[in-house]
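# Fold and contact review
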Amino acid sequence: MSNQEKDLSIEELLKQENTTEEATVELGSTLLELEEVRTFFTTRKGLVKAVNGVSYNIEAGKTLGVVGESGSGKSVGAMSILKLLDSNGYIDGGEIKYRGKNIEKYSHKQMRSIRGNAISVIFQEPMTSLNPIFTVERQLREPFVIHQGMSKKQANEEVVRILADVKIPNPERVAKQYPFQLSGGMRQRVMIAMALACKPDILIADEPTTALDVTIQAQVLKLMNDLQKEKGTSILFITHDLGVINQMADNVVVMYCGEAVEMAYCREVFQGKTYSHPYTEGLLKSIPRLDTAPGERLDAIPGAVPHPLDLPEGCKFGPRCKYRTEKCEKEHPELVEVAPNHKIRCFYPNKIDRTQTIQ
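Parameters at a glance
Counting restarts for each chain, with residues numbered from 1 along the sequence as it is written. Reporting in this predicted model follows two pLDDT cut-offs: at least 70 for local features of residues, and 80 or more for side-chain atom pairs to be given and counted; totals over whole chains, interfaces and linings ignore these cut-offs and use all residues. Excluding hydrogens and water, the side-chain figures rest on all heavy atoms present in the structure. A pair of strands is treated as paired once DSSP finds two or more bridges between them. Under the DSSP-based scheme used, a helix requires at least four consecutive residues in state H or I and a strand at least two consecutive residues in state E, with every element numbered from the N terminus. We define a nonpolar core as any set of buried Ala, Val, Leu, Ile, Met, Phe, Trp, Tyr and Cys residues linked to one another through side-chain atoms lying within 4.5 Å. For every residue, the accessible area (1.4 Å probe, protein chains only) is compared with the maximum for its type, and the residue is labelled buried under 20%, exposed over 50%, or partly exposed between those bounds. We call two residues in contact when some of their heavy atoms are within 4.5 Å. Axes here refer to lines fitted to C-alpha atoms; in helices the fit is confined to the stretch in contact. Angles between the N-to-C directions go from 0 to 180 degrees. Any angle between 65 and 115 degrees counts as roughly perpendicular, while under 35 counts as roughly parallel, over 145 as roughly antiparallel, and the rest as oblique. Each residue is assigned to one of three groups, with Ala, Val, Leu, Ile, Met, Phe, Trp, Tyr, Cys and Pro labelled nonpolar, Asp, Glu, Lys and Arg labelled charged, and all others, Gly among them, labelled polar. Helix span, as expected, comes to 1.5 Å for every residue beyond the first.

## What to know about the sheet that holds strand β5 (residues 101-102)
In a beta sheet, neighbouring strands are held together by backbone hydrogen bonds and run either parallel or antiparallel to one another. Strand order in the open sheet made by the four strands is β2-β1-β4-β5, with antiparallel pairing throughout. At either margin of the open sheet sits one strand with a lone partner, and together these are β2 (46-59) and β5.

Structure representation (structure tokens):
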């Protein structure tokens, strides 16, 4: 890419390179692609491979759920899309294509036209994401002023409108308040409003309901579903809770130790009777159920996610897997397609076959 190209915004680049490109995409068509993305962090103790060769697609108007335990690389993979990494982090390889253009090669100036405009983020904890010394109005009007060139007066009017869109009562009053004056659920609605201000194509929701109680969580999830139906926004939903994924997602990526271990339609993950990754199986069995007998213990996954600087040889999930064999300890499985739109990284993806290995 030339220096002249680096100074252009994404809108100018798209116009220059393909003047016939449509501004909209059909429902279900690919909007964003990650192809073999590797994101590493340099530390004093060694190189941490937080994301190591992850590929997935986000479709227009659909929700992709990314699930896994803490340390699986799900958030780092999402933040790599917008290059929101710590100073010691970098993308070592792969491609990140938005509307067919590899934005991984874009300069910081070009990325500013993407962040908050084409792709927005709802962060995990709204109290630390919102500035406590500025009013809601001042923080919410920034996207309108920066990306849409509105005046202060116009932006303030839009702030009230979008607060009403996310079902905040008395939006004129709330706009004049500070974040510490709002409840957790209200703050999260403000974050959703900020993320949707410029009508982005893609919304990255990084565990947006983790800090909320169950009733408020249900309200926020319903709000996101309603807004998606109304505005057609694609959602990348990151969580450790498979119950939330079942409610929100169309497609699912299960991650472990920086790798995708299973990719499928949501219904295949929850209803599939033939294939699954042992890690996915363990996550599903650890979910509390209404039909659980009194005193019955959950079938928890033994052990913990290994340290990123001390990963096991062979299958990364091997030390915690009850189906492991000698092959699992020595060889690293590839992500293979076991059924249409269903990929699994396991030598024994068939549930019956692997059950027989431990008998």
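Structure's up, so let's keep going.
## Some points on the nonpolar core
In this structure, L140, L163, V190, I192, M224 and F237 are the most contacted members of the largest nonpolar core, which totals 34 residues. Contributions of two or more residues to this core are made by α6 (136-148), α7 (152-165), α8 (171-175), α9 (184-196), β7 (202-206), α10 (214-231), β8 (234-239) and α11 (242-248). Top contributing element to this core by residue count: α9, with seven residues. Setting aside anything within four residues of it in sequence, one finds I192 in contact with I122, V166, V220, L223, M224 and L227.

## What to know about the packing of α6 against α7
Contact pair α6 / α7: the axes reach a minimum separation of 8 Å and the direction vectors enclose 110°. Judged by the inter-axis angle, α6 sits roughly perpendicular to α7. The residues of α7 that touch α6, namely those facing V136, E137, L140, R141, F144 and V145, are K152, A155, N156, E158, V159, R161, I162 and L163. Per-class residue counts for the contact of α6 with α7 are eight nonpolar, one polar and five charged.

## As for α10
For the α-helix, the turn length of 3.6 residues means that residues three or four positions removed from each other point alike. Between its first and last C-alpha, α10 extends 26 Å over 18 residues, near the 26 Å set by a 1.5 Å rise per residue. Restricting attention to buried positions, one finds in α10 the residues Q217, V220, L221, L223, M224, N225, L227 and Q228. Positive backbone phi, approximately 75°, marks G232, located one or two places after α10.

Read these as spatial facts, not as claims about activity.
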